[in-house]
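Analysis of the macromolecular model
Each chain is listed here by its residues.
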Amino acid sequence: MALMRPQLIKTFTSLFFTVVLVVVLAIPLGPLPALGPLLSPVGGLWSAARDGSFRAEEHVGFVGVAGTVEIVRDQYGVPHIFAQSDTDAAFALGWLHARERLAQMDLQRRSAAGTLSELVGPDAVEDDQFMRDVGLRRAAQATFAAMDENDPALAAMYAYAAGVNAYLEKIAPNSLPLEYKLLGVRSVAEWSVLDELTFAKFMAWDLSSSFDDLYVTTLTEKMGAQKVAELFPFDRPYESPIAPVWPPNENVTSAGLPGSNQLQSAIADLLSRAASAGQLRHPGDWRGSNNWAVSGARTASGKPILASDPHLGYQLPSLWYAAHIVTPNQNVYGVTLVGLPFVVIGHTRNIAWGLTNTQADVMDFFTEKINPEAENEYWHDGKWESVQAVDEVIHVRGGADVHHEVKITAHGPILTQKGLTVAMQWAGSGATFEARALYNVNHAEDYSAFVAALRDFQVPAQNWAYADTAGNIAIWSAGKYPIRKSGDGRAIADGSTGERDWTGFVPFEDVPRVLNPESGYVLSANQRPAPPDYPYFLGWQWDPSYRARRIEQALSAGQGLTVADMEILQLDAKDTLAEALLPVMLPVVSNVATDSLNKSALDALLAWDYRTGVDSTAATIWVRWLDIFRRTTWADEWKAAGFAFNDKGDELKDWGAWGFNGDNEYQPPLELWEWMVREKPDAPYFDDVSTPGKAETRDDLIRASFAEAIQSLADDYGPDIAGWRWGEHHKLEVNHLLDVGVLNRGGQPVPGDGNSPNGQGSGPASGGGPSWRMVVDLGDIATSFGVYPGGQSGSPLGAHYDDMIGLWVEGKYIPMVFPSKPEDIDASIIESGIIIEHDRGE
Amino acid sequence: MMKNFLIGVAVTLVAAFAFELAGVWWAMPIAGAIGGYWVRKGGQGFLAGALGVTMVWGAYLALFAAISPLGELLRLFAGIVELGDALAFLPVVLALVIAFLMGGLGGVTGAMIAGVQGELGKR
């Protein structure tokens, strides 16, 4: 045995080092995944080189399809799906979405459901806990439970899920996309109808949630209800058909809440949780949308034209995925959201529609009085009621499961118990049927079918612009608007009394709408949906009306309009706020702009046509001047009220951006300020309250802000005004969802600002704006056009990852080719074809 | 002697190919061990295992390079992990080094096991 000992030692030594090597290769190294599986030929990084690729001709079989599906992909990667049934078409769309955008779909459903921890580990647990509290998955489950099992929309969703899972079965675990290789993940959870409904809820949440109640509550505490009513009026000046009111008649009723410290502690905790989970908007996250339809009386063809450009954050992979679906029951083309089997904005054979967000107030916060004797009880409407507790289990990759208890009152989930107990009520928390609405809109061929479909569209409330081949144009602001027992719900309310409870929702018959107006056009740009005498309170967070103002200018003057005219209007960069204010502001500085730089700047503004084109220096000067003038009007009041600002002094600390539009920042609505500048030069708010011995006037602020703007531009961009071109300092930013530099795109100069129809954030990086531009000619629906700043593929190695960005930047569109059968597609635009056949599974 | 070495390499090749096909990267030392067991000498066992596994991984990577835009992928990966274009080839080198080490260590272990078995046989 002694003779064998050296041999044994050598053997165990080599075995030991072999095992150590394998273990080291199996362990992730910091942010990098484990090198063993990453670099292994099969299942490793390498197969990702084929992500996003299609062969010229493919033939596949699946048990999940009943008949043959033919898919023709055009030169932009847009699939034209020809199927013998709606469910086969939905299957094919699910399969294509998964093939092109799997990681995006997975991330989206996990963000919505609060299951990111399963993918990325303990770092995401707090975010997941917040999203579990919000309860989008529970809302999706409620919707699922309430849907009729024979609902064709549900059948389409089942088929879609089967298509996604068919793809997963074929590729997992070795050929998952690059994102999974980098995360070291080798399996993707099966796709379900619940995932689709949860994602639909996520979109609803994204477009209708608002934490502004917390801001208004704090404002009311710090400034008083009267001042808040003055500065944030329900009826704003210049809102058609609104007449200016000063001071306003309405009052914000004080919330009557317990002490400030407790309240501020609760608000701070809630804001912190929402911000951490990425659910708080920030200045610069610019949003807004336009849509309009003109009747045949104003078009060259004698038939309506519809235009739609929803403004959302730019991202890669793109939010949208264009698709054309043809079955015996439908022929629909437009943009889909990956994760859902429906066209969201598009057209059928005879109708077209586009969406803008209503921005209605459908989310309230309530303080709850917890029973000091029993913490699972709260006082509501005269009695103690039980808090419903839900045990949410969060699976954590590389860690133990986390149990998170969600507490729910009659109002909704409790989001904080720091200082005070605050619950959130949101119109989307229960069962809602947007999926059914979209399914039916995708099948609608006339006005009555369209309106019948909208009855089911509840959250997020949307302004649906409509046009059809019969000559109708319309807008319906369809949605689920709460009716409150009392109050307006724009500040945190005492939930114990029951006096601020929601008692129901605005009946569908009463939602704001307009059909075939005499003007010959309808339009929306997130402005107030209904006039002041509308019998229901819908909200107050409308976008400034400048985009709407410009669109109305163009449409009201338009005759013989064409598709090209509508494209020009979508790309229009005229800032109507500048048009309204510069005639007032420029005379004030004309005598004081004496040095050459100020004189050059003044000359540029005097010669300006108010268009924020990429070559305009005046646009750069105006945007900076506007920003400083607004800030100097309001910042002193906010500082005096005790708000803290960031180091630069342009944003409130810890508040993100209030409102649906990131450009709202913390300040009162632009129209109110415009009215003060134009018609109330002696408004007390122009006085700087931090200089008690001195009474500043509007003109003092105009002069001082002009000087500061010119100086800051010279500091930033140099003393030569030629270097101040808008396009030099206002560039496109399309970031990847993972925000990895090499995957991001952009850098091209882009025209437009937040007050022009071609809406863009006004900061140096424009990360949000027209996420899809579409113009549909109801006179010849087959020659309609669309484009979005991205591409069909989610793979950075795919040919269609970003191929539409250049077109979008140049203001070009792609034809929305609309054949009713595959043979009608011009061969020159075909990139590839796929046949999916039924596989008997034998 | 040479014959045993070549057979050891071939045996490793076959085993590594089979394991890789099954997606079991951590079994590469076992493939090497099988080859090393055949060779029975530590140094040669290391070399047989290392060469066998490295050749299989290398062949796979060559195949990927032939049928897909591997260069683009490598540049993309280098960008993501902030290596820079100049070092984009690093994952390939790293993969081959890992294959070499796994196969080699497996090979020497296999040879040692064969040695122990031989000793036991003599007794």
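In this text, all values refer to a predicted model and were calculated from it rather than measured experimentally.

Quick word on the overall build of chain B
Looking only at helices and strands, chain B has 5 helices and 0 strands in total. Tracing chain B from N to C terminus, the helices and strands come up as α-α-α-α-α. With the C-alpha coordinates aligned to their principal axes, the bounding extent of chain B is approximately 60 × 25 × 25 Å. Within chain B, the fraction of its 123 residues that count as buried is 46%. Taking contacts inside chain B between residues at least 6 apart in sequence as the whole, the part at least 24 apart equals 75%. For chain B, the accessible area works out to roughly 5700 Å², and carbon and sulfur atoms hold 74% of it. The centroid of the 6 positive side-chain charges in chain B is displaced by 28 Å from the centroid of its 5 negative side-chain charges.

Observations regarding the pattern of salt bridges
Residues and elements named next belong to chain A. Applying the stated criterion to the full structure yields 38 salt bridges over all chains. One salt bridge in this structure joins E392 and R132, with 2.9 Å as the shortest N-O distance. With E392 in strand β14 (residues 388-394) and R132 in helix α5 (residues 125-134), the pair connects residues that are 260 residues apart, well separated along the chain. For R132, a relative accessible area of 7% translates into the label buried. Among the ionic pairs, K812 bridges to E810, the shortest N-O distance being 2.9 Å. Shared partners join several salt bridges into a network, and the residues in it are D106, R109, R110, E118, R137 and D195.

Here's the deal with a nonpolar patch on the surface
Residues and elements named next belong to chain B. Side chains of L47, L51, M55, L87, F89, L90, V93, V97, F100 and L101 sit close together on the surface and give an oily, nonpolar patch of about 760 Å² of accessible area. Breaking the nonpolar patch down by element, the ones donating at least two residues are α3 (42-67) and α5 (90-122). For the nonpolar patch, the element with the highest residue contribution is α5, accounting for 5 residues. Within the secondary structure, V93 sits in helix α5.

Topic: helix α7 (residues 152-171) of chain A
Residues and elements named next belong to chain A. Under the 1.5 Å per step criterion, the end-to-end length of α7 is 29 Å for 20 residues, consistent within 8% with the ideal 28 Å. By the criterion of burial, α7 is predominantly enclosed, with 14 of the 20 residues buried. Taking the backbone nitrogen of A153 as reference, a side-chain oxygen 2.8 Å away marks D151 as the first, capping residue of α7.

Observations concerning the confidence of the model for chain B
Reading fine detail from the predicted coordinates is not recommended where pLDDT is low. Per-chain confidence: chain B averages 91 in pLDDT, with 98% of residues scoring 70 or above. Reported confidence for the predicted complex is 0.95 by ipTM and 0.92 by pTM.

As for the packing of aromatic side chains
Residue and element names in this part refer to chain A. In total, this model carries 31 aromatic pairs over all chains according to the counting rule given. With a centroid separation of 5.3 Å and 90° between ring planes, the pair formed by W205 and W426 is classed as edge-to-face. With W205 in helix α9 (residues 193-208) and W426 in strand β17 (residues 421-426), the pair connects residues that are 221 residues apart, well separated along the chain. Under the relative-accessibility criterion, W426 is labelled buried at 3%. Ring geometry for W502 versus F505: centroids 6.1 Å apart, planes at 85°, classification edge-to-face.

Structural notes on empty space enclosed by the protein
Leftover empty space is mapped by rolling, across the atoms, a probe with the size of a water molecule. All names here are of chain A. All told, the structure shown has 8 cavities of 30 Å³ or more when counted by the stated rule. In this structure, the largest cavity is lined by 28 residues; those nearest its centre are M203, L207, L355, P460 and Q462. Among the secondary structure elements, those contributing two or more residues to the lining of the largest cavity are α9, β4 (288-294), β5 (305-313), β9 (343-347), β10 (351-357) and α13 (434-443). With 5 residues, α9 is the single largest residue contributor to the lining of the largest cavity. Along the lines of polarity and charge, the residues of the lining of the largest cavity split into 17 nonpolar, 8 polar and 3 charged. Here the second largest cavity is characterised by a volume of approximately 90 Å³. Looking at the lining of the second largest cavity, the elements with two or more residues in it are α3 (86-113) and α13.

Some details on the side chain of D151 of chain A
Residues and elements named next belong to chain A. Among the structural elements, D151 can be located in the loop between α6 (136-146) and α7. Taking the relative accessible area as the measure of exposure, D151 reaches 7% and is therefore buried. A polar contact of 2.8 Å, which involves the side chain of D151, links it to the side chain of R436.

What about the nonpolar core?
Soluble globular proteins: nonpolar side chains tend toward being buried together. All names here are of chain A. Ranked by internal contacts, the top residues of the largest apolar core, which has 280 residues, are W622, W625 and W638. Per element, the largest residue contribution to this core is 13 residues, and it comes from α3. Contacts of W622, omitting those with residues within four sequence positions, involve D575, L577, A578, L581, L582, M585, L605, W608 and D753. Grouped together as the second largest cluster of nonpolar side chains are 6 residues, F82, V326, I825 and I829 included.

Concerning the pairing of β4 of chain A
Residue and element names in this part refer to chain A. In terms of burial, β4 is largely enclosed, as 7 of its 7 residues are buried. Burial of β4 is two-sided: the residues G288, N290, W292 and V294 facing one way and the residues S289, N291 and A293 facing the other way are all buried. Taken together, the 7 bridges between β4 and β5 define a ladder with antiparallel strand orientation. The residue bridging S289 from the neighbouring strand is P310, located in β5. Inspection of the sheet shows β4 paired to strand β24 (residues 521-524) by 4 bridges, in the antiparallel sense. The partner of W292 across the bridge, within β24, is L523.

Rules used in this analysis
- Residues numbered from 1 in each chain as written.
- Chains lettered and ligands numbered in written order.
- Predicted model: local features only at pLDDT ≥ 70, side-chain atom pairs only at ≥ 80, totals over all residues.
- Heavy atoms only, no water.
- Helix = DSSP H or I, 4+ residues; strand = E, 2+ residues; numbered from the N terminus.
- Buried < 20%, exposed > 50% of the residue type's maximum accessible area, 1.4 Å probe, protein only.
- Contact = heavy atoms within 4.5 Å.
- Areas by Shrake-Rupley, 256 points an atom, 1.4 Å probe, with all protein chains shown as cover.
- Lys, Arg positive; Asp, Glu negative; His and termini not counted.
- Charge placed at Lys NZ, Arg CZ, Asp CG, Glu CD.
- Salt bridge = Lys/Arg side-chain N within 4 Å of Asp/Glu carboxyl O.
- Patch = residues over 30% accessible without salt bridge, like charges linked within 9 Å, V, L, I, M, F, W, Y side chains within 5 Å.
- Expected span 1.5 Å × (residues − 1).
- Polar contact = N/O pair within 3.5 Å; in protein donor to acceptor, adjacent residues only side chain to side chain.
- pLDDT = per-residue confidence, 0-100.
- Phe/Tyr/Trp six-rings, centres within 6.5 Å; stacked < 30°, edge-to-face > 60°.
- 1 Å grid on protein atoms, 1.4 Å probe; cavity = no way out; pocket = protein on both sides within 12 Å on 5 of 7 lines; lining within 4 Å.
- Points joined across faces, edges and corners; volume = space filled by probe spheres on them.
- Nonpolar A, V, L, I, M, F, W, Y, C, P; charged D, E, K, R; others polar.
- Core = buried A, V, L, I, M, F, W, Y, C linked by side-chain atoms within 4.5 Å.
- Pairing = 2+ DSSP bridges.

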